[in-house]
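Here is what each chain is made of, one letter per residue.
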Amino acid sequence: MFENLTSFFGRCLIAVLFLAGAVQKAVDPGAAQALLTGWNLPETLVWLALIYNALAGVALILGMAVRPVALSLAAYCGLTAFFHLIPDDPWQMSIFVKNWAIGGGCLVLAAQGGGAFRLRFADKPLGSG
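Let us look at the structure shown here. (Residues numbered from 1 in each chain as written. Predicted model: local features only at pLDDT ≥ 70, side-chain atom pairs only at ≥ 80, totals over all residues. Heavy atoms only, no water.)

Re the environment of Val 27
At step 1: Relative to the helices and strands, Val 27 is located in helix α1 (residues 2-27).
At step 2: Considered as a pair, Val 27 and Ala 81 are 54 residues apart in the sequence and their alpha carbons are 21 Å apart. (Helix = DSSP H or I, 4+ residues; strand = E, 2+ residues; numbered from the N terminus.)

Structure follows, in structure tokens:
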């Protein structure tokens, strides 16, 4: 029971981070758009990121497809970390490191699964047919 409860609450904590990111992008997209344009990427990608963050967050809370969602979030964290690789800005470097840490948590979630308190939709162990 302890493992299932901690898996559920861990999933929810990770999910809240991505849901808050979606809200932040909706309320003030300018900050994310500035990071995108700094890498010569179109500002409109902020809306795709918002949708992805929201859907992934909801999926984690509900426990839907936990392994593939967590794996995609780990990749997302690793990729988006580089937007914050600004060595002269300690705040951005903190976010850079946090992205890698969150990605690591998502990898553990992908490996271990979502626990018993979840919807069991397309959630097979990685590597199984």
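Picking up after the structure, the text goes on.
A look at the nonpolar core
At step 1: Within the largest apolar cluster, 18 residues are counted, with the highest numbers of intra-cluster contacts made by Ile 14, Phe 18, Leu 60, Val 69, Leu 73, Cys 106 and Leu 109.
At step 2: Top contributing element to this core by residue count: helix α4 (residues 66-81), with seven residues. (Core = buried A, V, L, I, M, F, W, Y, C linked by side-chain atoms within 4.5 Å. Buried < 20%, exposed > 50% of the residue type's maximum accessible area, 1.4 Å probe, protein only.)

Some details on a nonpolar patch on the surface
At step 1: Among the surface-exposed residues, Trp 39, Leu 41, Leu 45, Leu 48, Phe 82, Leu 85 and Trp 100 lie close enough to one another that they form a single nonpolar patch of about 650 Å² accessible area.
At step 2: When you line up the elements, Phe 82 lands in the loop between α4 and α5 (90-112). (Patch = residues over 30% accessible without salt bridge, like charges linked within 9 Å, V, L, I, M, F, W, Y side chains within 5 Å. Areas by Shrake-Rupley, 256 points an atom, 1.4 Å probe, with all protein chains shown as cover. Salt bridge = Lys/Arg side-chain N within 4 Å of Asp/Glu carboxyl O.)

Side note on the side chain of Gln 33
At step 1: The residue Gln 33 is located in helix α2 (residues 29-38) in this model.
At step 2: Overall, Gln 33 belongs to the buried group, its relative accessible area being 15%.
At step 3: If we skip the residues at most four places from it in the chain, Gln 33 touches Glu 43, Val 46 and Trp 47. (Contact = heavy atoms within 4.5 Å.)

Thoughts on α2
At step 1: Every buried residue belonging to α2 is among Pro 29, Ala 32, Gln 33 and Leu 36, and all of these are buried. The arc that holds every buried residue of α2, seen down its axis, measures 100 degrees, which confines them to one face.
At step 2: Directly beyond the C-terminal end of α2, a positive phi value near 60 degrees is found at Asn 40. (Arc of directions from axis to C-beta.)

Observations concerning the packing of aromatic side chains
At step 1: Throughout the structure, instances matching the rule amount to seven aromatic pairs.
At step 2: Seen from their ring centres, Tyr 52 and Tyr 76 are 5.0 Å apart, and the 45 degrees between their planes marks the pair as tilted. Of this pair, Tyr 52 sits in helix α3 (residues 45-62) while Tyr 76 sits in helix α4, placing them 24 residues apart in sequence.
At step 3: For Tyr 76, a relative accessible area of 19% corresponds to the buried category.
At step 4: Three or more aromatic residues joined by ring pairs make a cluster, and in this case those are Phe 18, Tyr 52 and Tyr 76. (Phe/Tyr/Trp six-rings, centres within 6.5 Å; stacked < 30°, edge-to-face > 60°.)

These figures come from the coordinates and say nothing about function on their own.
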